[in-house]
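Here is how the chains run, residue by residue.
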Amino acid sequence: MLNFFERVQKSFPSMQNFYNRGENGFMLEEDKKETGRQRWMSLETQRICSGYLNPNDPDDGLEQHQLMLELVPYMLSVSPLDCEALDYVVGFDFSYQGNHDALVAEVLGTNQAIDSLLQIPGSRALNYEPAITLSLDDTCRCQARLHIETRTNAYQVRREEYSDEQISVFFTLRQYGSLSADTKLDETMLNLKTKSDQLMNDYVIDQVLRPLAQAISTK
């Protein structure tokens, strides 16, 4: 395990902080820069993660993610046959000092049944975190999931005192199940990224991200 992280550090020397997080495994990360950018990689009992917070470009983290997936079969004995799922995740945070749930309900719309509940006199949204998972093939092994996470609680709504917290939007492409012997983990990740980029450009950016940003800017 230490040899694995040392190999990662050779390619990314700025990742100098190593932590033993007990039951939560081990982490190697950069110091968080003034810009908020930070590379990190974690190793848990049944999961290996690679992330890049606030990159200048979404592709800036690809080299790091590919390196991880190239190394784990040889250095950590992770076989494509033993891969339960491979995820490619992009996330976006929107700072908003107000009722997150009410804003999300306003921006993303609801069906008639939910609209009628929101019109109950004196009612205010307390928990509205829409999520949807879609199958992208006949086998249901390739799936896309959109999830919006809010951080407003009942105490804040009751007092109408809100902190400047973040609404998070996560878009995940997941490949379930074992991979064939001639399939490489990094190639599978790149295929997921290609699908993710297409769906982001065709649906998520214009239908979710921009409307949220525009609504926040007018509050």
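As a reminder, the structure under discussion sits directly above these lines.
First, a word on scope: everything that follows refers to the structure included in this document. These figures come from a predicted structure and were not determined experimentally.

### Some words on unusual backbone geometry
Part 1 of the argument: If you check the backbone angles, Cys-140 has positive phi at about 65° while not being a glycine.
Part 2 of the argument: Residue position: Cys-140 is located in the loop between strand S6 (131-135) and strand S7 (142-149).
Part 3 of the argument: Taking the relative accessible area as the measure of exposure, Cys-140 reaches 41% and is therefore partly exposed.
Part 4 of the argument: Backbone geometry places Glu-160, a non-glycine residue, at a positive phi of 55°.
Part 5 of the argument: Relative to the elements of secondary structure, Glu-160 occurs in the loop between helix H5 (154-159) and strand S8 (165-176).
Part 6 of the argument: What makes Glu-160 exposed here is its relative accessible area of 56%.

### Topic: the environment of Pro-130
Part 1 of the argument: Tracing the backbone shows Pro-130 in the loop between helix H4 (112-118) and S6.
Part 2 of the argument: Take Pro-130: its relative accessible area is 25%, and that puts it in the partly exposed class.
Part 3 of the argument: Separated by 16 residues in sequence, Pro-130 and Leu-146 have C-alpha atoms that sit 8.1 Å apart.

Cut-off values and rules
- Residues numbered from 1 in each chain as written.
- Predicted model: local features only at pLDDT ≥ 70, side-chain atom pairs only at ≥ 80, totals over all residues.
- Heavy atoms only, no water.
- Helix = DSSP H or I, 4+ residues; strand = E, 2+ residues; numbered from the N terminus.
- Buried < 20%, exposed > 50% of the residue type's maximum accessible area, 1.4 Å probe, protein only.

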